[in-house]
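Read off the chains here:
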Amino acid sequence: MAAFLVAVPAAWTSWQAWVLLRLPYNEQGRHFDGLVVHHEGTGEVLAGVAAGLWLLVAGCLAMRRRRRRSGGPLS
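For the structure given in this document, a descriptive report is provided here. Just so it is clear, the model here is predicted, and its values are computed rather than measured.

This brings us to helix α1 (residues 2-21). Across its 20 residues, α1 extends 29 Å between first and last C-alpha, which sits within 8% of the 28 Å expected from 1.5 Å per residue. Of the positions making up α1, those classed as buried are A3, V6, A7, A10, T13, A17 and L20. Buried residues of α1, viewed axially, fall in a sector of 155°; they line one side. Exposed and oriented more than 90 degrees from the buried face of α1 are F4, L5 and W12. On its buried side, α1 packs onto β2 (37-39) and α2 (42-70).

Right under this line is the structure:
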């Protein structure tokens, strides 16, 4: 359950990073989409946050697998 709860924001952050990395930026490193000014480099930061969240999901799944193999809660 914890893996799912972390996977949802990880997927959202991954999607946001992908969208920001594909935007056309001007020579000042800015993109205006009509509502918000996006700065170049924000996509890379969000991609790093997303990678960290996906590592947390993987850790949750590994702990769940380890707990199932041992037959009970970890001590």
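Attention shifts here to the side chain of H38. In this structure, H38 sits in strand β2. Given a relative accessible area of 19%, H38 falls into the buried group. Reaching out from H38, the side chain makes a polar contact with the side chain of D33 at a distance of 3.0 Å. Those residues within four positions of H38 in sequence are excluded, and the remaining contacts are L20, L23, Y25, G29, R30, H31 and D33.

Now for a nonpolar patch on the surface. Side chains of M1, F4, L5 and V8 sit close together on the surface and give an oily, nonpolar patch of about 480 Å² of accessible area. Mapped onto the elements of the fold, V8 is located in helix α1.

The next thing to look at is the packing of aromatic side chains. Counted according to the given criterion, the structure contains 1 aromatic pair. Relative to W15, the ring of W12 lies with its centre 5.3 Å away and its plane at 40°, an arrangement referred to as tilted. Placement of both W12 and W15 in helix α1 is noted, with a separation of 3 residues, approximately one turn of the helix. On the accessibility criterion, W12 (54% relative accessible area) is exposed. W15 gets classed as partly exposed once you look at its relative accessible area, which sits at 44%.

Calculation criteria
Residues numbered from 1 in each chain as written. Predicted model: local features only at pLDDT ≥ 70, side-chain atom pairs only at ≥ 80, totals over all residues. Heavy atoms only, no water. Helix = DSSP H or I, 4+ residues; strand = E, 2+ residues; numbered from the N terminus. Expected span 1.5 Å × (residues − 1). Buried < 20%, exposed > 50% of the residue type's maximum accessible area, 1.4 Å probe, protein only. Arc of directions from axis to C-beta. Contact = heavy atoms within 4.5 Å. Polar contact = N/O pair within 3.5 Å; in protein donor to acceptor, adjacent residues only side chain to side chain. Patch = residues over 30% accessible without salt bridge, like charges linked within 9 Å, V, L, I, M, F, W, Y side chains within 5 Å. Areas by Shrake-Rupley, 256 points an atom, 1.4 Å probe, with all protein chains shown as cover. Salt bridge = Lys/Arg side-chain N within 4 Å of Asp/Glu carboxyl O. Phe/Tyr/Trp six-rings, centres within 6.5 Å; stacked < 30°, edge-to-face > 60°.

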